[in-house]
Amino acid sequence: MSVTETEAAVAAGPAGPAAPAPARPGEGRRRRWLGRLVDVARTPSLLVSYVWLVLIVTAALAPTLFAPGDPLAQSGDAMLLPPGPEHLFGTDDLGRDQFTRTVHGTRLSLQAAVIAVLIGLVSGSLIGLVAGAVRGWLDSVLMRVVDVMLAVPSLIVSLAIISALGHGTINIAVAIGINSTATFARLMRSEVLKVAGARYVEASVFAGHGYAYRLLRHVVPNATRSVLAYATMEIGSAILTVASLSFLGLGAPPPTPEWGLLVAEGRTFIAAQWWLSLLPGLVIVVSVLAVYRIGRSIDRGRTRVVA
Amino acid sequence: MLRYGLLKYAVRRLGYAAIVVWGAFTGAFFLLYIVPGDAAGGLTMGASGGDVEQLLAEQRELLGLDRPVLVQYGDALSGAVLGDFGDSLYQRRPAVEVFFEAFPATLQLAFLGLALAVVLGVALSVVIELTDWRWLRELLVSLPPVAVSLPPFLVALVLVQLVAFRLGWIDAFGDQTFLGLLVASLSIAVAGGGTISQLLTANLRGALTSPYIETARSWGLSRFDVVVRHALRNASLPVITALGTLIGVMVGGTVLTETVFSRPGIGRLVVDSVNGRDMPVVLVAVTVSALIFVTVNFVVDLLYPLVDKRIRLEGR
Amino acid sequence: MSSPEPLLTLDGVSAQFALPGRPPVRVLDDVSLSLRPGQVLALVGESGSGKSTLGRTVTGTLPENGRVVAGRVTFAGRELTGLPERERRAVRGKDIGYIPQDALLGLNPLLPVGVQAGEPLRAHGLAGKAERRERVIELFGKVGLRDPETIYGAYPHELSGGMCQRVLIAAAMSTGPRLLVADEPTTALDVTVQKTILDLLGGLVAENDLAVLLVTHDLGVAAERADEIAVLKDGVLVRSGRTREVVADPGDAYTEQLLRSSSLGFSGADAAAARHERTAARVPADAPVVVRAREVAKTFHAHRGRTAVTAVAGASFEVRRGTTLGIVGESGSGKTTLVRLLAGLTPPSAGSVTVDGEPVVHHRRGAGQAALYRKVQMVYQDPFASLNPRTTVRSILEEPLTGHRIGGAAQRARRVDELLEQTGLPASVADRYTAELSGGQRQRVAIARALAPHPEVLVLDEPVSALDVTVRRQILDLLLDLQDRLSLTYLFVSHDLGVVAELSDEVLVLRHGDVVEHGPASDVISRPRTDYVRRLLASIPGAAPAAAAAPSTP
C-alpha cells in the first residue's frame, strides 16, 4: 500500500535512523540478535570487553589452560624475581609464580562476585517488584527497610555482616549480596512504577486480561532491562568490593590465591617489587572495566551512579 | 502558612531520620549479638583446654549476654539514646569514646575526599564539553569509567609508591602533614570523582540537547556560557542528589585508605573490631554512619529547592 | 515600502547529517530562497522535510553532526556559510533572532525568565545589568505581558505556554534584529493563544520592517500569515511563490495534498452539513442510545486535600449507536478527565456513565472491568507511548483476543490478518516490532487493537493530533470509513474544532470543566451561542471568514 510507504519515508528524518527495509515475516527477533552482534563487532571497546570476559571466565573454569603450574609451589631459588618470560608477573617472596597465582585466583574472585550479585538481584528484584506492584503499606514498610540499609556505607555493612558470619570469601559474597539487595529493590521498584505509569500499560487494561497477566507481560519485561544492566555492572562493583575486603584480610586465609589477597600480600614490597601488587591489581581493573562496559552497552544511553 | 509548612516538613524529616538511625542500630544489634559466636567468643580467643567453656560462661555473665535477647536489646537501645554503647571489649573504655577519638581524622579525610571528588569530577565534565579537540575529548571521556574501575586500595598503593617512595614527598606511614592528608584523600577522590563525572557528563549531554539550550545558542551565547551558565545548572541536579550516597562511599573508602597509608582513624579501628568481634565499637560505627547519611541527605534536601525553584520543600 | 534588495538569500544550499555507522543522510538538497525586509516567508513541510534544518542553517545552530555541504547563505550582503564560529555568533541573536517551537521547553526551568530574556543583550555586550533589566521589562510590556515587573522574576513553570512564548519573542526582539526565524512558534499552544501570538508577530513585522522566516507544518497558518510560501519535501523545495499563487494553483501533487489536509478555506458549517448527510444515510433517527452520561463530575484534591480542583463539573449527554460525540476543549478544559471517566480509567466523584445500560466501573487494577472493555475500547493520542515497544504487532493484536477469550488459535490468526486489512496495514507488518513502524502505521495498529474484540464504542483521545498533516487526513478517513462499515459509536476528543466538525454529529464544548455548549454539530458550529466557541472557530488558521459567524472578541 502506497500510503504507508510515504509515511515511512517521511519518518526517515534527520532525527533518527530510518525504519529498516521491510522484512519478511518472522524475521524481527532474529534480526535483533544479528544487529546486536554486528553492533558488538563494530565497537572495538565492546569487542575487547567481551574477549576479556571470555578469557577470565575460562580462567575461572579451567585455570590450568593458562597456567599449568601449581599456585602454591614455592621455590627457594626464584624469590622476588621481576616479570620476565619465565614468570610473567614475577615471583613473590616464597618463590611462587605470581601469574599462576593470579590465574588460579580468578575462580574465587569471580565466584564471589557472581554469588553476591545473584543474591542481591534475586532478593532485591522480588522485594522491589512486590513493593512496586502491591503499593500501600507493604510498599512503605519495605522501602523504609531499604532506606535503612542504604543509610550505612556498604563497606561498613559488609564488615558488620562479616563480623557476624565470620571470615571467608563466600561470607564476603553473602555480605555484599545482602547489602546490594537494597539497591536492587529500590531500582526494581522505581522501574516498575515508571513502566506501570506508561501509556501502554494503561492501554493493556482494555484487552481484558487480569492484573497479574498485565504485570508479567508488560511491566516486568520492560522493567527488568535496566535492572539486568545494573546487575551486570554490579558484578564489576562486586569484584571491587570482594577484592577490597580480601585486601583487608577478611576473605580467604593465605596462601589461597585470591585477587585482593594477592595485592595485599604484595603490599609489603610496594617500594621495590611494585609489580607484585600492581599486576594482579591491573587484572582487577581490566576485569571491572570490561564488565562495566558490557553493562553500559545493555543499558544504552543511561548512566547510573556506580559506587 | 509557609512557616507552618516548613515546620511540618522539618518535623517529618526528623521523624524519618530517627527511624533510619534506629533501624540501622536495631539491624546491626541483632546481626551482631544474635548470630552464633558472640562477643564473648572474641575475648576468649586464644584460650585453650577444658577451661574455655567456663571462661566463656564467665565472660557472658560479665557482659550480660546470658539474659533474654529483648532485655539486652532494650538496655542497649536506652543506653544508645543516651550515648552509651557499652565498653569496648579490648580497651575497657566506653566504645563511644574509643570511636570518637579516631573519628575526626576520618571525617576530615572523607570530606576532603568528597570536595576533591566534586572539583575533579565537575572540572573534567566541563572540560569534556568545552574542548574543541576531538582527540582530547575522546581521551577525557574515557577517564571516568577507568576511575570507577580502579580498586581504591590499588590507587592508594600506587600513590604511596609514587609520592612516598619515588618522590619522597610524604611519609609512607602515618604522615601527619597536610600534603599527606591531601594525597590520602586523593586516593578516595578518584572513584568518587569518576562517579560524579560519569553522571554529570551524561546529564550535560542530555541538557545540551534540550530545547532551552537550542534557544540559548540562538541568542548568540558563547559555548562557555551555554555550558556553564545554562546547561551545568540543570545537569548538576542529579549530582546533588547523588552526594548523599557518595559521602557514604567516601566514609567506606577511608577504611581502605587509612590502612594503606597507615593513618589514624576509624578505618583500622573498625577492621580490628570486626576481626576481634568487638561489637560495641562496630555498633557505634554503624549508627554514626547512618547519622552522617541522614544529616547529609537532609542538607541536600534543603539545598535542592535553592537550585530548582520547581521543588517546594513542603510538597516533598 | 519593502526594499527590492533581499535581506536573506539561500543559494543552492545542501545539508547533511552524519550518523554513526551509516552513510550520511542528506536533509536539504539544493534549496534556493530569498526574503526581503518586511516580508514573511513561510517554510512549509511535514516532519522530516528538513524545514527545521533550514531554519537552523540560517541561524547557524545545526547540531554537531550536521553541516552545510554546498551552497551559500547570504544575509544583508554578507556570506554566512563558512564564517568562523566567533563571527557567526556575532550575527546570531543580534541581527537574526530565533523563536523556538515549544515555548515551555524553550526556556531554562532554573532561571528567572527576565534574566533569560536579557541574555541576548548580555551575550552581545549591548547593555549593562541594570539597563538590561530596564529594557527587558519595557519589552515585556510591548509583547503584551501584563505586570512585566513581576514576570521578570518569575520562573517558566509559573507561566503559561503563551506567556513563555511572549518572553521568547521579547528576548528575540531585544537586540533589534532584522530577521526572525520562527520555528513552529505556535504548535505547542492552544488554538486561541496561537492566534494571539501570530497576531503579535504580525504586528512586530509591520512595526519594525522585520523579515520573518516562519517554519510551519500547517499550510493554513502559512496562507493566512505569509507573503510567500516555500514547500519542502524530503529536503527538496517542491513549490515556492507568492502565497496567493501557491494557494490558487499548487501545481504540484504534494502541495496539493498539503492544501487538502489543511483547514484552508475550511467552513465549519459546510463540514457539519456534509457530516449530517453522511450520518443520516446510514443511521436511523431512532437508533438506540449506547452511551449515557448523567451529571458525571470529577474533583481532584491537590496539596494534600487542602484545595479541591474541579476537572469536570457535571456533564450529561447521550450518544446513539453509529454516531459520534465530539468533545472539544483547550488544555485544562477537563476533556482528558472526561475521557478517562468515560473509559472507566478513573472513578467519577458524582454522577454515572452507562454503556448499553451497564454502568461504567473503575478498578485500580482493572478487576471486573473485562465485560466493559468488550464493548468499549480506546485509542490514545500518542501511538509511540501507547504500544509496548518490546512486542510485535501480532502479539499486540492477539492480546485482546485472548483476554476476551475470542476464538481459538487459528481463528485468532485469521482475525489478526483481518484487522490488519481493515486498518490498511500490509500483512507483513504483523511480525515487526512497533519501534520499526512510522507514526501513522502505529496509530493504525492502535486502532486495529481497539477493533479486535468487536467493540461498540471507541473512545478516541486526540487520535490524530500527534501525527503529520497528510497522515492525519488518512487516519481520519480510516476512522470515518470504519464507522460506516462497522456502525461504531465514537467519543471523539480533540482540541481542534475543525476536525471535530467533520466527524461529529453532536458536539460538547468544555471550558475549565464546564460544558459551555452542547448540541447537534451543525447548530453549535453554524450558530454558536457563546463568544468562546466563536473565538475557537475564528482561531482555525486559514478558515473561510464565513466560518466565524460573529466578530471575535479578543
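Computed from a prediction, not measured in an experiment: that's the story for all the values here.

## Description of the overall build of chain B
- Along its length, chain B carries 14 helices and zero strands.
- Starting at the N terminus and walking to the C terminus, you meet the elements of chain B as α-α-α-α-α-α-α-α-α-α-α-α-α-α.
- Taking all 316 residues of chain B together, the buried fraction comes to 54%.
- Sequence separation of 24 or more characterises 75% of the internal contacts of chain B that already satisfy a separation of 6 or more.
- Accessible surface, chain B: about 14100 Å² in total, of which carbon and sulfur atoms supply 68%.

## Focus on the overall build of chain A
- Scanning chain A from terminus to terminus reveals eleven helices and zero strands.
- Along its sequence from the N terminus, chain A presents helices and strands in the succession α-α-α-α-α-α-α-α-α-α-α.
- The contacts of chain A with a sequence gap of at least 6 include a subset with a gap of at least 24, amounting to 69%.
- Here chain A displays about 13000 Å² of accessible surface, and carbon together with sulfur accounts for 68% of that area.

## Concerning the packing of aromatic side chains
All names here are of chain B.
- Scanning all chains against the criterion turns up 15 aromatic pairs over all chains.
- Aromatic side chains phenylalanine 25 and tyrosine 73 sit 6.4 Å apart centroid to centroid with 40° between the ring planes, which places their arrangement in the tilted category. Within this pair, whereas phenylalanine 25 is found in helix α1 (residues 2-34), its partner tyrosine 73 is found in helix α4 (residues 69-81), the two being separated by 48 residues in sequence.
- We classify phenylalanine 25 as buried; its relative accessible area is 3%.
- Taking 5.1 Å as the distance between ring centres and 35° as the angle between the ring planes, the aromatic pair formed by phenylalanine 30 and tyrosine 73 counts as tilted. Pair noted here: phenylalanine 30 is in helix α1 and tyrosine 73 is in helix α4, with a separation of 43 residues, a long-range link.

## Overview of the sheet that holds strand β17 (residues 457-461) of chain C
Residue and element names in this part refer to chain C.
- Taken together, six strands build an open sheet; the order of strands is β16-β17-β18-β13-β19-β20 and the sheet is mixed. Edge positions in the sheet fall to β16 (376-379) and β20 (514-520), since each of these pairs with one other strand and no more. Strand-to-strand twist across the sheet, computed as the mean angle between neighbouring axes with direction ignored, equals 15°.
- Inspection of the sheet shows β17 paired to strand β18 (residues 489-494) by five bridges, in the parallel sense. In the strand pairing of β18, valine 459 is matched with leucine 491.
- Running at roughly 155° to β18, helix α13 (residues 335-342) makes contact with β13 (324-328), β16, β17, β18 and β19 (506-511) of the sheet.

## Describing the interface of chain C and chain B
- The interface is formed by 30 residues belonging to chain C together with 25 residues belonging to chain B.
- Where chain C abuts chain B, roughly 2600 Å² becomes buried across the two surfaces, and 54% of that area is made up of carbon and sulfur atoms.
- The interface formed by chain C and chain B contains four salt bridges.
- Between chain C and chain B we count 14 residue pairs in polar contact (both at pLDDT 80 or more) in total.

## Overview of unusual backbone geometry
- Residue A:Pro255 follows A:Pro254 across a cis peptide bond; omega there is 10°.
- The phi angle at C:Glu295 is positive, at roughly 45°, despite the residue not being glycine.
- Its place among the elements puts C:Glu295 in strand β11 (residues 289-302).
- Unusually for a residue other than glycine, C:Ser487 sits at a positive phi of about 35°.
- Mapping C:Ser487 onto the fold places it in the loop between α18 (469-486) and β18.
- The class for C:Ser487 is partly exposed, based on a relative accessible area of 38%.

## Digging into the sheet that holds strand β9 (residues 228-233) of chain C
All names here are of chain C.
- Taken in spatial order, the six strands line up as β6-β7-β8-β3-β9-β10 in an open sheet, and their pairing is mixed. On the outer flanks of this sheet lie β6 (96-99) and β10 (236-242), each paired with one strand and no other. Pairwise comparison of adjacent strand axes, ignoring direction, gives a mean angle of 15° for this sheet.
- By the bridge criterion, six bridges tie β9 to β10 in an arrangement that is antiparallel. In the sheet register, isoleucine 229 faces β10, and the bridge partner there is glycine 241.
- Packed on one face of the sheet, helix α11 (residues 253-261) meets β3 (40-44), β9 and β10 and runs near 110° to β9.

## As for the pairing of β18(C)
Residue and element names in this part refer to chain C.
- Where burial is concerned, most of β18 is hidden: six out of the six residues are buried.
- Where β13 lies against β18, five bridges are found, and the strand directions are parallel. Its bridge partner being in β18, threonine 324 is matched across the sheet by tyrosine 490.
- Regarding topology, α18 serves as the crossover connection from β17 to the parallel β18, and that connection is right-handed.

## Side note on the environment of C:Asp147
All names here are of chain C.
- Mapped onto the secondary structure, aspartate 147 falls in the loop between α5 (129-142) and α6 (148-152).
- On the basis of relative accessibility, which here comes to 48%, the residue aspartate 147 falls in the partly exposed class.
- Separated by ten residues in sequence, aspartate 147 and isoleucine 137 place their C-alpha atoms 9.0 Å apart.
- A distance of 2.4 Å separates polar atoms of two side chains, one belonging to aspartate 147 and the other to threonine 150.

## Thoughts on the nonpolar core
- Among the nonpolar cores identified, the biggest contains 199 residues, and A:Ile284, B:Phe153, B:Phe261, C:Phe140 and C:Ile169 are the most heavily contacted of them.
- Residue assignment places this core across two domains, with domain 1 (1-95 + 178-261) and domain 2 (98-176) of chain C each supplying three or more.
- In this structure, C:Phe140 is in contact with C:Val113, C:Gly114, C:Ala117, C:Leu145, C:Pro148, C:Ile151, C:Tyr152, C:Val167 and C:Ala170, ignoring residues within four places of it in sequence.
- Ranked by size, the runner-up nonpolar core spans 55 residues in total, among them C:Val191, C:Ile447, C:Val471 and C:Ala501.

## Things to note about the confidence of the model for chain A
Residue and element names in this part refer to chain A.
- Per-chain confidence: chain A averages 80 in pLDDT, with 87% of residues scoring 70 or above.
- Considering each helix and strand of chain A separately, the mean pLDDT is smallest for helix α1 (residues 2-11), with a value of 31, and largest for helix α4 (residues 98-134), with 92.
- Contacts from residues 1-27, a stretch scored under 50 in pLDDT, to residues over four places away or in other chains number 37 contacts.
- A low-confidence stretch, residues 301-307 stays under pLDDT 50, and its non-local contacts, those more than four residues away or across chains, total 22 contacts.

## Description of the interface of chain A and chain B
- Listed by partner, the interface residues are 41 residues for chain A and 48 residues for chain B.
- For the pair chain A and chain B, the summed buried surface comes to about 3900 Å²; carbon and sulfur atoms form 78% of the total.
- The interface formed by chain A and chain B holds zero salt bridges in total.
- Where chain A touches chain B, the interface holds two residue pairs in polar contact (both at pLDDT 80 or more).
- Going through the elements one at a time, α5 (136-151), α6 (154-165), α9 (211-247) and α11 (275-298) of chain A are the ones with two or more residues in the side of chain A that touches chain B.
- For the side of chain A that touches chain B, the leading source of residues is α11(A), giving ten residues.
- Here the residues of the side of chain A that touches chain B are counted per class, giving 30 nonpolar, six polar and five charged.

## Details of the side chain of B:Ser218
- Turning to its location among the elements, B:Ser218 is positioned in helix α10 (residues 211-218).
- Looking at B:Ser218, the relative accessible area reads 1%, which means it is buried.
- Engagement of the side chain of B:Ser218 in a polar contact is seen with the backbone oxygen of B:Thr215, the distance being 2.6 Å.
- Sequence-distant contacts of B:Ser218, that is, excluding residues within four places in its chain, are made with C:Thr61, C:Arg92, C:Gly93, C:Ile96 and C:Tyr98.

## Quick notes on helix α12 (residues 268-280) of chain C
All names here are of chain C.
- Taking 1.5 Å as the rise per residue, α12 with 13 residues should run 18 Å; its terminal C-alpha atoms sit 18 Å apart, in good agreement.
- Looking only at α12, the buried set comprises Gly268, Ala271, Ala272, Arg275 and Thr279. Taken around the axis of α12, the buried residues stretch over an arc of 95°, which confines them to a single face. Looking at α12, the residues exposed on the side facing more than 90 degrees away from the buried face are Asp270, Glu277 and Ala280.

How each quantity is defined
Residues numbered from 1 in each chain as written. Chains lettered and ligands numbered in written order. Predicted model: local features only at pLDDT ≥ 70, side-chain atom pairs only at ≥ 80, totals over all residues. Heavy atoms only, no water. Helix = DSSP H or I, 4+ residues; strand = E, 2+ residues; numbered from the N terminus. Buried < 20%, exposed > 50% of the residue type's maximum accessible area, 1.4 Å probe, protein only. Contact = heavy atoms within 4.5 Å. Areas by Shrake-Rupley, 256 points an atom, 1.4 Å probe, with all protein chains shown as cover. Phe/Tyr/Trp six-rings, centres within 6.5 Å; stacked < 30°, edge-to-face > 60°. Pairing = 2+ DSSP bridges. Axes fitted to C-alpha atoms, helices over the stretch in contact; angles between N-to-C directions. Buried area = accessible area lost by both parts, 1.4 Å probe. Salt bridge = Lys/Arg side-chain N within 4 Å of Asp/Glu carboxyl O. Polar contact = N/O pair within 3.5 Å; in protein donor to acceptor, adjacent residues only side chain to side chain. Right-handed = clockwise from strand over helix to strand, strands pointing away. Core = buried A, V, L, I, M, F, W, Y, C linked by side-chain atoms within 4.5 Å. Domains from an automatic or database assignment. pLDDT = per-residue confidence, 0-100. Nonpolar A, V, L, I, M, F, W, Y, C, P; charged D, E, K, R; others polar. Expected span 1.5 Å × (residues − 1). Arc of directions from axis to C-beta.

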